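Letter by letter, the chains look like this.
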There are 4 protein chains.
Amino acid sequence: MCRFLAYCGEPVFLETLVCTPCHSLIEQSMHATEAKTGTNGDGFGVGWYSERTEPGRYCEIRPAWSDENLQSICSHVRSRLFFAHVRAATGTAVSRANCHPFKAGRFLFMHNGQVGDWPRLRRKVEAMIPDELYSARTGTTDSEAIFLAALGQGLERDSVGAFQRVLHAIRDEMRALDITSPLRFTATWTDGDRIWAVRWASDDKPPSLYWRRGDNGLIVVSEPVDSQRDQWRPVPPGGGLVARVGAAPEMFRFH
Amino acid sequence: MCRFLAYCGEPVFLETLVCTPCHSLIEQSMHATEAKTGTNGDGFGVGWYSERTEPGRYCEIRPAWSDENLQSICSHVRSRLFFAHVRAATGTAVSRANCHPFKAGRFLFMHNGQVGDWPRLRRKVEAMIPDELYSARTGTTDSEAIFLAALGQGLERDSVGAFQRVLHAIRDEMRALDITSPLRFTATWTDGDRIWAVRWASDDKPPSLYWRRGDNGLIVVSEPVDSQRDQWRPVPPGGGLVARVGAAPEMFRFH
Amino acid sequence: MCRFLAYCGEPVFLETLVCTPCHSLIEQSMHATEAKTGTNGDGFGVGWYSERTEPGRYCEIRPAWSDENLQSICSHVRSRLFFAHVRAATGTAVSRANCHPFKAGRFLFMHNGQVGDWPRLRRKVEAMIPDELYSARTGTTDSEAIFLAALGQGLERDSVGAFQRVLHAIRDEMRALDITSPLRFTATWTDGDRIWAVRWASDDKPPSLYWRRGDNGLIVVSEPVDSQRDQWRPVPPGGGLVARVGAAPEMFRFH
Amino acid sequence: MCRFLAYCGEPVFLETLVCTPCHSLIEQSMHATEAKTGTNGDGFGVGWYSERTEPGRYCEIRPAWSDENLQSICSHVRSRLFFAHVRAATGTAVSRANCHPFKAGRFLFMHNGQVGDWPRLRRKVEAMIPDELYSARTGTTDSEAIFLAALGQGLERDSVGAFQRVLHAIRDEMRALDITSPLRFTATWTDGDRIWAVRWASDDKPPSLYWRRGDNGLIVVSEPVDSQRDQWRPVPPGGGLVARVGAAPEMFRFH
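Along each chain, the written sequence defines residue order, and numbers are assigned to residues from 1. Written order determines the labels here, with chains lettered from A and ligands numbered from 1. Per-residue local features are limited, in this predicted model, to residues with pLDDT of at least 70; the limit for side-chain atom pairs, both in listing and counting, is 80 or more; totals at the level of whole chains, interfaces and linings are taken over all residues. Where side-chain values are given, they derive from all heavy atoms of the structure, hydrogens and water being excluded.

As annotated in an unreviewed UniProt entry, chain A is Class II glutamine amidotransferase from Azospirillum ramasamyi.

This is the structure:
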């Protein structure tokens, strides 16, 4: 399990959400309250869009709470759209290659959840990655494999459908192997223009997902970063939203 | 605050105490139960005596819970006397130079506690380090400075007295500066032959300290590593013990 | 390209060969003289056999020349059989998962060389890894993939034949894809009892390989670690040797 | 010895100078040509000014040549004034705290050179750091100590004079201790508005220093980053320059 945050709106310093709030993502790296694991100290990452098409990215294997570089970068980088993630590893190594957000071209992707019995399924899911993207597979997580597989399923044209097709294919494999542990997929991704976020699981326990309108834009999180609990709306299980700078978010079904 | 463990007795693999027990030091790195901070993820270290006079040492800035090297070293190094420490930083940086156990010649030292208002006192305590040891000052912690200062006070001949003299000198400085936050010193050190451990604070809250006879030797810990709570004896505030392979530990007063 | 060293014989401290000699492996991490790249600063690893069947391992992403832990471990670990490696990455990331020696059960493996056009071949070579070993694939190097594939080809019973079968299969794939860049394989592996070392390339430029009898045992290296050049015998291209503690090494052909 | 680069002018991406040129600073981290040591792999750092008064900073202990974060940050951060440094340690540990550029308030500082017999002088130079800055002393290098001492000598009002006073004081200490190894100080610093750079040594071997007008601004370097050798002007021994965005640099004597 992990904790993540996505923002789009007026350009703000990353620290506004990542470092400063009382229950900021950095605070959640040590004391998450709605996660299975309170400690999310197995690496972290931030990704942001500047004036280039592809996003910048900084990720590291240390806990977010003690990294001076993260503080400095968040204090000096201002962005209209950024992602941040703190990781709690579920069986795969702590390495930069396993840190979210994952990046491919102009896309970023973050995942909170897991593929049940991943060691048995890994090969099957990696087989869904198209050849031309296979050298972009640098780590061993289920998350990165799902992302690359979705790119192969047309993520650039129909990202919601692409992830759905991948998840359906994984469920088919799970059934074929009689794997009963769940597939959970609370995730968010962006093309640098829109942010999608979905909350889904094959059982009835998809990891939490919230959103709110902040002073300057829209925020999507695993759990609220401030104490204004009534401002945060949960995304229901099987739900999703898509947002864009300056427009109201649209809700959709995801299953 | 931190968690530590010291062992002397029949040579055993480090993993026997550091990794394997239900509440092992590695487990305590994520879930300490008697510490102010449950997470001790700001680096770690192990030191052990082999056939050489000076101990070996492995320390790293990552959390102990995810370090494959630590697991491997603990599974392959067998020692009659070893120290292990997981750190929760209290204001100084996460760096190897700030990881315990500290080493000087044949000595190792670990500390759990803190010097109140350290930024104001640092210079005073560093001034207690003798010239010939000053280049051994590689980090910025109060712990390392106290250790080096004690070496200057005759730690090699009278280690208990040396630490007492240093702590008294620090209290004098604290009084002179009107510093009211406490000086806490639960610590353990060794010359490779004997282990000393003390529990003391200028207020009534010295960090916890326990010891027990295990199957093969004596174990000193911040908090018990197994579930046999009745086998562990607390060291009282203002108390200390000194142990040696094959002999019963002796208790003493420390103030 | 990389530099490596393997030893079997009387138990000696690792430092005897890894740190102390004038052209030790640590020295070669900064100033290799027979390698394409003089700097081998992309991580390192040591593996050693103690009283357990499986070897211990310490690897890190920093350059070997500045790692205090490596010095300390090499000064305190004594072994009858150990491997050490300093890495110069050829296209894959600097990560622990990509550091040699690779370990599987009681085996260790180190490689100096490369598979031409690896990004195109990676998927093919990974397909040679048997299902039950696939979760042991933690990195992205050609070296680890070859090792795991060889395990699938019977490395435990016939290690020389197993590697030959894998290399032949890779060459077949290279031909099928019209890949003309070479396949180079100077490598060494061990089961904890015997050390094998081979020098081979599909072109006429296999990386160098030497061996000598030292004071206490047999040493196999990428390039000599001391200045007694006349004591070191090159392994010829297409050649290999197998050694065991206390016995004369045997030479064989490898192609 | 180390290699560094400073820029002021039109806002450009850091990569323009740090990553892209044929002999960029990243290239110099592995293959410096005018340094005593060709390898500058003991950590690195970049500092840049954005819209805030204080600069941002990213430094790491890995070699610059393999750090994906450095590449990404340099590709996405655009600045009108930035510093970059690759380190070759001369006796002190490889740690973030020892990486340049050092930062204090709105100032950045980088040094190439060394204080002869530093272990004996360290205490004397640290004594020059004023109390209120002492807690900013996080590492053990001569460079950081000189910088903090200069802050105590009025760096904010008269930075050239402040460094001169510190260097003179150090030379006095060296004479008093009969230290004959040289004091070398090729350095650059900035307040976020102007860049100063000086080249000086107590012997006749001050490390090299060059500057040129580039397409968009002024560049100061340890050694040229491109092949247009005739565009680069050496700063003479005992010389210095001060530059500001949009103005011609002024030369001065420094001794």
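Don't stop here, the text continues.
## Notes on the pattern of salt bridges
As a reminder, the rule being used: When a carboxyl oxygen of Asp or Glu is within 4 Å of a side-chain nitrogen of Lys or Arg, the pair counts as a salt bridge. In this description a helix means any DSSP run of H or I spanning at least four residues, a strand means any run of E spanning at least two, and both kinds are numbered starting from the N terminus. Classification of residues uses two cut-offs on accessible area relative to the type maximum, computed with a 1.4 Å probe and protein chains only: under 20% is buried, over 50% is exposed, and between them is partly exposed.
Evaluated as defined, the whole model comprises 81 salt bridges over all chains. The closest approach of N and O atoms between Arg175 of chain A and Asp172 of chain A, which form a salt bridge, is 2.9 Å. Linking Arg175 of chain A with Asp172 of chain A, this pair stays in helix α7 (residues 159–176), spanning 3 residues, or about one helical turn. Two residues, Asp67 of chain C and Arg62 of chain C, come together in a salt bridge whose shortest N-O distance is 3.9 Å. On the basis of relative accessible area, Asp67 of chain C is assigned to the buried category, the value being 1%. For Arg62 of chain C, a relative accessible area of 5% puts it in the buried group.

## Focus: the relation of the copies chain C and chain B
Inclusion rule: When the copies are superposed, the least-squares fit draws on C-alpha atoms of residues that have pLDDT of at least 70 in both.
It takes a turn of 180° to lay chain C on chain B, together with a shift of 0.0 Å along the axis; the resulting RMSD is 0.0 Å. Put plainly, the chains are arranged around a two-fold axis. Considering only C-alpha atoms, the part of chain C nearest the rotation axis is Val77 of chain C, at 3.9 Å.

## Remarks on the relation of the copies chain D and chain A
Here is the rule we go by: Residue contacts follow a heavy-atom distance rule, with two residues in contact if any of their heavy atoms lie within 4.5 Å.
Aligned on chain A, chain D shows an RMSD of 0.0 Å; the corresponding rotation is 180° and the shift along the axis is 0.0 Å. Residue by residue, 100% of the interface of chain D is reproduced at the interface of chain A, so both copies engage with the same surface.

## Quick notes on the packing of aromatic side chains
Let me state the cut-off plainly: In this scheme Phe, Tyr and Trp rings, the latter by its six-membered ring, pair at centre separations within 6.5 Å, and the angle between planes marks the pair as stacked below 30 degrees, edge-to-face above 60, and tilted otherwise. Working rule: Lys NZ or Arg CZ, within 6 Å of ring centre, within 35 degrees of ring normal, means a charge sits over the ring.
Considering all chains together, one arrives at 38 aromatic pairs over all chains under this definition. On the basis of an interplanar angle of 25° and a centroid distance of 6.2 Å, the ring pair of Phe185 of chain A and Phe254 of chain A is categorised as stacked. Here Phe185 of chain A is found in strand β7 (residues 183–190), whereas its partner Phe254 of chain A is found in the segment after β13 (247–253), with 69 residues between them in sequence. Here Phe185 of chain A and Phe254 of chain A have matching classes, each one buried. Centroid distance Phe109 of chain B to Phe147 of chain B: 5.1 Å. Interplanar angle 10°. Geometry classified as stacked. Placement of Phe109 of chain B in strand β6 (residues 107–115) and of Phe147 of chain B in helix α6 (residues 142–152) is noted, with a sequence separation of 38 residues between them. For Phe109 of chain B, a relative accessible area of 0% puts it in the buried group. Looking at Arg123 of chain A, its charged tip hangs above the ring of Tyr134 of chain C, at a distance of 4.1 Å from the centre. The residue whose ring lies beneath Arg52 of chain B is Phe13 of chain C, and the NZ or CZ to ring-centre distance is 4.0 Å.

## Comments concerning the side chain of Thr92 of chain D
Counting through the fold element by element, Thr92 of chain D comes out in the loop between β4 (78–87) and β5 (102–104). Those residues in contact with Thr92 of chain D that sit more than four places away from it in its chain are Arg87, Asn98, Trp118, Thr140 and Thr141 of chain D.

## Things to note about the packing of helix α6 (residues 142–152) of chain C against helix α7 (residues 159–176) of chain C
Residues and elements named next belong to chain C. Under the convention used in this document: Note on geometry: axes are C-alpha line fits, over the in-contact stretch for helices, and angles between N-to-C directions span 0 to 180 degrees. Note that the term roughly parallel is reserved for angles under 35 degrees, roughly antiparallel for angles over 145, roughly perpendicular for angles of 65 to 115, and oblique for everything else. Crossings are sorted by hand: turned counterclockwise from the far helix by less than a right angle, the near helix makes the crossing left-handed, and turned clockwise it makes it right-handed. All residues other than Ala, Val, Leu, Ile, Met, Phe, Trp, Tyr, Cys, Pro, Asp, Glu, Lys and Arg, Gly among them, are scored as polar; the first ten of these are nonpolar and the last four charged.
Here α6 crosses α7 at 120°, and the two axes come no closer than 8 Å. The angle between α6 and α7 falls in the class oblique. Remark: the crossing between α6 and α7 carries right-handed chirality. Contacts between α6 and α7 involve Ile146, Phe147, Ala149 and Ala150 from the first element and Ala162, Phe163, Val166 and Ile170 from the second. The class makeup of the residues in the contact of α6 with α7 is 8 nonpolar, no polar and no charged.

## Comments concerning the environment of Phe4 of chain C
Considering the arrangement of structural elements, one finds Phe4 of chain C in strand β1 (residues 2–13). Residues Phe4 of chain C and Val86 of chain C, 82 residues apart in the sequence, show an inter-C-alpha distance of 6.3 Å.

## Looking at the side chain of Arg199 of chain C
Residues and elements named next belong to chain C. Filter applied, for reference: In this count, Lys and Arg are taken as positive residues and Asp and Glu as negative ones, while His and the chain termini are left out. Pairs of N or O atoms are called polar contacts if they sit within 3.5 Å, as long as, within protein, a hydrogen donor faces a hydrogen acceptor (for residues adjacent in sequence, only side-chain-to-side-chain pairs).
Inspection of the secondary structure puts Arg199 in strand β8 (residues 194–201). Here Arg199 occupies a buried position and makes no salt bridge, while the nearest side chain of opposite charge, Glu34, is found at 7.4 Å. At 3.3 Å, the side chain of Arg199 forms a polar contact with the backbone oxygen of Pro206. The contacts of Arg199, once residues within four sequence positions are left out, are Phe185, Thr186, Pro206, Pro207, Ser208, Leu209, Val235, Pro236, Pro237, Gly238 and Gly239.

## Comments concerning the interface of chain D and chain A
The condition that has to hold: Summed over both partners, buried area is the accessible surface (1.4 Å probe) that two parts give up on being assembled.
Taken together, the contact between chain D and chain A spans 23 residues of the former and 23 residues of the latter. When the two sides are added together, the surface that chain D and chain A hide from each other amounts to roughly 1900 Å², 41% of it contributed by carbon and sulfur. Among the residues chain D hides against chain A, the three largest losses belong to Arg52, His76 and Arg96 of chain D. Together they make up 34% of the total. Linking chain D with chain A are 8 salt bridges, by the criterion used here. Put simply, Arg52 of chain D and Glu15 of chain A hold a salt bridge, and the shortest N to O gap is 2.8 Å.

## Looking at the sheet that holds strand β8 (residues 194–201) of chain B
All names here are of chain B. Counted only if it meets this: Here, a strand pair is defined by DSSP locating no fewer than two bridges between the strands.
Spatially, the 6 strands line up as an open sheet ordered β5-β6-β7-β8-β12-β13, and their pairing is antiparallel. Two strands close off the open sheet at either side, each with one partner strand: β5 (102–104) and β13 (250–253). Strand after strand, the sheet turns through a mean of 20° between neighbouring axes, direction not considered. Sheet topology note: the strand β12 (residues 239–244)/β13 ladder contains 4 bridges and is antiparallel. Among the inter-strand pairings, Gly239 is bridged to a residue of β13, identified as Arg253.

## Points about the interface of chain C and chain B
The interface is formed by 23 residues belonging to chain C together with 23 residues belonging to chain B. For the chain C and chain B pair, buried surface summed over both sides reaches about 1900 Å², with 41% attributable to carbon and sulfur atoms. Interface area lost by chain C to chain B is led by Arg52, His76 and Arg96 of chain C, which between them contribute 34%. At the surface where chain C touches chain B, the tally comes to 8 salt bridges. Across the chain C-chain B interface, the total number found is 20 residue pairs in polar contact (both at pLDDT 80 or more). For the side of chain C that touches chain B, the secondary structure elements donating two or more residues are β3 (56–60) and α3 (68–76) of chain C. Looking at the side of chain C that touches chain B residue by residue, the classes come out as 6 nonpolar, 6 polar and 11 charged.

## A short note on the pairing of strand β10 (residues 217–221) of chain C
All names here are of chain C. Within β10, 5 of the 5 residues are buried, which leaves it mostly tucked inside the rest of the structure. In this structure, β1 lies alongside β10, joined through 5 bridges in antiparallel fashion. Residue Gly9 lies in a different strand from β10, and its bridge partner there is Gly217. In terms of strand pairing, strand β9 (residues 210–213) meets β10 through 4 bridges, oriented antiparallel. Considered in β10, the bridge of Tyr210 is made with Val221. Connecting β9 to the antiparallel partner β10 that follows it, the hairpin turn spans 3 residues.

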